[in-house]
Amino acid sequence: MPSALTDLSRYPIVQAPMAGGVSCPQLVAAVAEAGGLGFLAAGYKTADGMYDEIKQLRALTGQPFGVNLFMPQPTVADPSAVAVYRHQLAGESAWYETPLGESDSCGDDGYEAKLAILLEDPVPVVSFTFGCPTRDTLDAFAAVGTYTVVTVTTPEEAQAAQWAGADAVCAQGVEAGGHQSTHRDDPEADGLGTGLLCLVAQVCETVQIPVIATGGLMRGSQIAAVLAAGAEAAQLGTAFVICPESGAPLLHKQALTNPLFVRTTLTRAFSGRPARGLVNRFVREHGPYAPAAYPQVHQLTAALRAAAAKAGDAQGMALWAGQGHRMARELPAGRLVGLLAEELDAARAAVSTRSTQ
């Protein structure tokens with residue numbers, strides 16, 4: 001196992017795991033070859049699909065990389081609320097001429113099978129989203145030399161991850177694009193997350209393990225700020241969505257800097273769990289009524305989202321994006337990593353110069 005988080009890459013720059021095809025092997029390899037730490041996203045994939053991507057990635061790079069897993073979710077959704085939402089989406093189904101998906105109560109996308117593969121054929125890093133694994137699981141990864149990271153949104157979640165044996169935590173601020181990684185999906189807390197700089201400071205005061213900071217980061221100067229706040233690395237997602245190696249649909253990439261999409265919001269409209277994305281027609285019309293029902297809502301809307309993308313209709317897609325999306329730069333991933341590192345060095349040099357004047 002690496003003795004420290006900084007042993008995993010040349011730069012303290014992590015490419016976030018983005019489920020749904022964005023974090024493909026080509027993107028992860030480009031980031032890793034440039035000196036960052038890239039992550040494959042195993043969420044929504046079968047165990048075999050995950051392993052196939054790992055094999056593809058290993059053929060592209062010999063640098064360290066990570067694999068992210070979604071934690072299985074307890075069955076707490078109200079079936080009647082899901083049924084009402086299904087009825088509300090009937091118009092979308094007719095418009096896109098696509099049947100709604102069949103929702104069930106199973107939130108396990110092959111989690112145990114994925115664990116078995118990753119323990120039998122270890123990768124350098126494994127991270128977890130939507131919860132914290134058991135100590136037995138984290139100890140098993142430690143035994144095979146895998147570095148483990150648990151994504152957290154509060155100091156309490158970070159402390160629980162440290163107690164369970166995680167090697168590091170990834171502190172996710174409310175600015176982050178995509179799903180909020182809270183361990184307890186509480187509808188009453190929607191939109192009440194903590195800003196990144198404040199969260200990093202709180203988490204660093206709570207735990208004694210390394211902290212990765214994520215949420216709205218798009219420039220090297222912002223990376224310098226979270227490092228100064230106590231983080232050992234910065235994780236960026238939206239910044240990499242627009243890269244040519246990214247597996248995001250072209251419409252998604254274009255929307256990030258399209259003046260038609262001026263803001264983001266947290267919504268349950270597409271998955272039943274709060275996630276930050278660009279405000280489009282689907283979010284405006286269905287977001288206020290979407291129930292707290294993951295993965296049932298995700299299963300309901302999957303075909304609709306695919307149909308919207310096929311039709312070239314960005315107004316019906318899940319356009320996940322962090323609050324800094326308008327700062328996205330259309331650069332190859334390797335060049336972006338290098339530029340971020342240059343900006344980080346410049347920001348640090350500026351601070352050093354001011355402190356000696």
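Note that this is a predicted model, so its numbers are computed, not measured. (Residues numbered from 1 in each chain as written. Predicted model: local features only at pLDDT ≥ 70, side-chain atom pairs only at ≥ 80, totals over all residues. Heavy atoms only, no water.)

### Looking at the packing of helix α3 (residues 79–88) against helix α13 (residues 296–311)
Part 1: Orientation of α3 relative to α13, taken along the N-to-C sense of each, is 15°, at an axis distance of 10 Å. Judged on the interaxial angle alone, α13 and α3 are roughly parallel. Both α3 and α13 take part in a crossing whose hand is right-handed. Between α3, through Val82, Tyr85 and Arg86, and α13, the contact on the second element is made entirely by Gln296, Val297 and Leu300.
Part 2: Counted by class, the contact of α3 with α13 contains four nonpolar, one polar and one charged residues. (Axes fitted to C-alpha atoms, helices over the stretch in contact; angles between N-to-C directions. Helix = DSSP H or I, 4+ residues; strand = E, 2+ residues; numbered from the N terminus. Parallel < 35°, antiparallel > 145°, perpendicular 65-115°, else oblique. Left-handed = near helix turned anticlockwise from the far one by under 90°. Contact = heavy atoms within 4.5 Å. Nonpolar A, V, L, I, M, F, W, Y, C, P; charged D, E, K, R; others polar.)

### A closer look at the environment of phenylalanine 141
Part 1: Summarising the element assignment, phenylalanine 141 is placed in helix α6 (residues 135–143).
Part 2: The buried category is assigned to phenylalanine 141, whose relative accessible area is 0%.
Part 3: As a C-alpha pair, phenylalanine 141 and leucine 118 span 23 residues in sequence and 8.3 Å in three-dimensional space.
Part 4: Those residues within four positions of phenylalanine 141 in sequence are excluded, and the remaining contacts are Leu115, Leu118, Leu119, Val126, Phe128, Thr146 and Thr148. (Buried < 20%, exposed > 50% of the residue type's maximum accessible area, 1.4 Å probe, protein only.)

### Brief notes about the state of the cysteines
Part 1: For the structure on display, the rule yields zero disulfides.
Part 2: Free cysteine cysteine 24: the closest other cysteine sulfur is in cysteine 243, separated by 10 Å.
Part 3: With a relative accessible area of 10%, cysteine 24 lands in the buried category.
Part 4: Here cysteine 198 stays free of any disulfide, with the sulfur of cysteine 204 as its closest cysteine sulfur at 12 Å.
Part 5: Its relative accessible area of 41% is what places cysteine 198 among the partly exposed residues. (Disulfide = S-S within 2.5 Å.)

### Re helix α5 (residues 111–120)
Part 1: Restricting attention to buried positions, one finds in α5 the residues Tyr111, Lys114, Leu115, Ile117 and Leu118. End-on, the buried residues of α5 take up no more than an arc of 165°, which puts them together on one face. Away from the buried face of α5 by more than 90 degrees, exposed residues Glu112 and Glu120 are located. (Arc of directions from axis to C-beta.)

### What about unusual backbone geometry?
Part 1: Here tyrosine 294 and proline 295 are connected by a cis peptide whose omega angle stands at 10°.
Part 2: Here glutamate 97, not a glycine, exhibits a phi torsion of approximately 50°, which is positive.
Part 3: Mapped onto the elements of the fold, glutamate 97 is located in the loop between α4 (90–96) and α5.
Part 4: With a phi close to 75°, phenylalanine 130 is a non-glycine residue in the positive phi region.
Part 5: Mapped onto the elements of the fold, phenylalanine 130 is located in the loop between β4 (125–129) and α6.

### Some remarks on the pairing of strand β6 (residues 168–172)
Part 1: A large share of β6 lies buried, amounting to five of its five residues.
Part 2: Judged by which residues are buried, β6 turns out to be covered on both faces: Ala168, Cys170 and Gln172 on one side and Val169 and Ala171 on the other are all buried.
Part 3: Note that strand β5 (residues 147–152) and β6 share four bridges and pair parallel. By the bridge assignment, valine 150 is partnered in β6 with valine 169.
Part 4: Each parallel crossover has a hand, and for β5 linked through helix α7 (residues 155–164) to β6 it is right-handed.
Part 5: As paired elements, β6 and strand β8 (residues 211–214) share four bridges and run parallel to each other. Residue pairing in the sheet places cysteine 170 in a bridge with isoleucine 212 of β8. (Pairing = 2+ DSSP bridges. Right-handed = clockwise from strand over helix to strand, strands pointing away.)

### Structural notes on the pairing of strand β9 (residues 233–236)
Part 1: By the alternation rule, side chains of β9 split into Ala233 and Gln235 and Ala234 and Leu236, which are all buried.
Part 2: Inspection of the sheet shows strand β1 (residues 13–15) paired to β9 by three bridges, in the parallel sense. Of the residues in β9, the one forming a bridge with valine 14 is glutamine 235.
Part 3: Where β8 and β9 come together, three bridges link them in parallel fashion. Within β9, the residue paired with threonine 214 across the bridge is glutamine 235.
Part 4: After leaving β8, the chain enters helix α9 (residues 220–228) and then returns to the sheet as β9, a path that is right-handed.

### Observations regarding the sheet that holds β8
Part 1: Taken together, eight strands build an open sheet; the order of strands is β1-β9-β8-β6-β5-β4-β3-β2 and the sheet is parallel. Pairing within the sheet leaves two strands with one partner each, and these edge strands are β1 and β2 (38–41). When the angles between neighbouring strand axes are averaged without regard to direction, this sheet yields 30°.
Part 2: Where helix α2 (residues 47–60) meets the sheet, it contacts β2 and β3 (65–70), and its direction lies at approximately 170° from that of β3.

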